[in-house]
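# Topology and contacts: notes
Spelled out, the chains give:
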Amino acid sequence: MGILDYFKPVDTWPPEKVRQFLDEKSPQEYNLVDVRTPREYEEEHLPGARLIPVGELETRWKELDRNKPTITY
Amino acid sequence: MRSRAAAAVLAREGFQEAYSMEGGIRAWKGLRASGPPDAGMAYFDPAKKAEEWIALAWMLEEGSCKFYGEMGKKGEGAEAAVLFRELSDDEEKHKSSLFKIYQRRSGKGSDPGFPRSLLSLESGVDYLEGGIVLEKALEWAQGKGRRDILEFSLSLEVNAIDLYIKMERKVEGKEAKEVFQALSNQERDHLKRLSAALQKE
């Protein structure tokens, strides 16, 4: 991950939209990725979220199905 | 910020739809689960894990079945008591679907070792999600009002959903995946019903 990734325009969803989406879909239909640290994850996370800290995403994105809608937080 | 960078990495790697949640978890108004990423699953021997996960899920269902059963006996607020009894009955059904899948996978008709010796647990102590001892939870609940008990129940369900989604993802075999998927869906339904009850408080 380069510094430029911080400045790229990305699609964002408000939490309310995320909540509605998660309510309507079953967990097999999307990727929900917590990109914080293991410590933060352990304290609290969205139900069913996978933990892939942002610094590891460069190598670990392959664990996710890229055809599925993916939400990061 | 981290989340935006993450979504940017994914978009670059060819994810057609990658969204960053605005405001991160601090902005999240919904319920939250707690605990490590493997939700305690890593504790078990990988060679036998599916059967052990099933046993673990059964134990937790047993714990919440008993917890809700006791809450259902508390007379105050008939509506909540009915809800707790229904939840308790559902968890009882979950136990039997878990036991059936265990039987099919292990090839054992009956197994006195299920579930406790698979998990190296002593008999007599029941557990809830997050390793909470049932007896302690019941003691705690004695002095508490409905609102606290509903909130505690919600946290049990959220962690159960979290666990079942992860088990579904990791377990091998279509049938076992379906069982965990069905369980997580049913616990989601419990969550809705508990939230509705809490809103009436």
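In what follows, the structure referred to is the one given above.
Residues numbered from 1 in each chain as written. Chains lettered and ligands numbered in written order. Predicted model: local features only at pLDDT ≥ 70, side-chain atom pairs only at ≥ 80, totals over all residues.

Looking only at helices and strands, chain A has three helices and four strands in total. Counting from the amino terminus, helix and strand elements in chain A follow one another as β-α-β-α-β-α-β. Taking all 73 residues of chain A together, 36% fall into the buried category. Partitioning the contacts of chain A with sequence separation of at least 6, the portion at a separation of at least 24 is 49%. (Helix = DSSP H or I, 4+ residues; strand = E, 2+ residues; numbered from the N terminus. Buried ≥ 20, exposed ≤ 12 C-beta atoms within 10 Å, placed from the backbone. Contact = placed C-beta atoms within 7 Å.)

On to the pairing of strand E2 (residues 31–34) of chain A, then. Residue and element names in this part refer to chain A. Judged by which residues are buried, E2 turns out to be covered on both faces: Asn-31 and Val-33 on one side and Leu-32 and Asp-34 on the other are all buried. Pairing of E2 with strand E3 (residues 50–51), which is carried by two bridges, proceeds in the parallel orientation. Of the residues in E3, the one forming a bridge with Asp-34 is Leu-51. On the question of chirality, the crossover connecting E2 to the parallel E3 by way of helix H2 (residues 38–43) is right-handed. (Pairing = 2+ DSSP bridges. Right-handed = clockwise from strand over helix to strand, strands pointing away.)

Glancing now at the interface of chain B and chain A. In this complex, chain B contributes 41 residues to the contact, which on the side of chain A involves 37 residues. The set of elements that each furnish at least two residues to the side of chain B that touches chain A consists of helix H1 (2–12), strand E1 (18–21), helix H5 (146–170) and helix H6 (174–200) of chain B. Ranked by residues supplied to the side of chain B that touches chain A, first place goes to H1(B) with ten residues. Where strand E1 (residues 11–13) of chain A and E1(B) come together, three bridges link them in parallel fashion. Pairing of A:Asp11 across the sheet is with B:Tyr19, part of E1(B).

This next bit is on the packing of helix H2 (residues 49–73) of chain B against H5(B). All names here are of chain B. Taken N-terminus to C-terminus, the directions of H2 and H5 make an angle of 165°; their axes are 12 Å apart at the nearest point. The angle between H2 and H5 places the two elements in the roughly antiparallel class. Taken as a pair, H2 and H5 cross one another with a handedness that is left-handed. Of the residues in H5, those touching H2 at Trp-53, Ala-57, Leu-60, Ser-64 and Met-71 are Ile-149, Leu-156, Ala-160 and Met-167. (Axes fitted to C-alpha atoms, helices over the stretch in contact; angles between N-to-C directions. Parallel < 35°, antiparallel > 145°, perpendicular 65-115°, else oblique. Left-handed = near helix turned anticlockwise from the far one by under 90°.)

Attention now goes to the sheet that holds E2(A). Strand order in the open sheet formed by five strands is E1(A)-E1(B)-E4(A)-E2(A)-E3(A), and the pairing between neighbours is parallel. Each having just a single partner strand, E1 and E3 of chain A make up the two edges of the open sheet. Pairing of E2(A) with strand E4 (residues 70–72) of chain A involves three bridges; the strand directions are parallel. Residue pairing for E4(A): A:Asn31 is matched across the bridge by A:Thr70.

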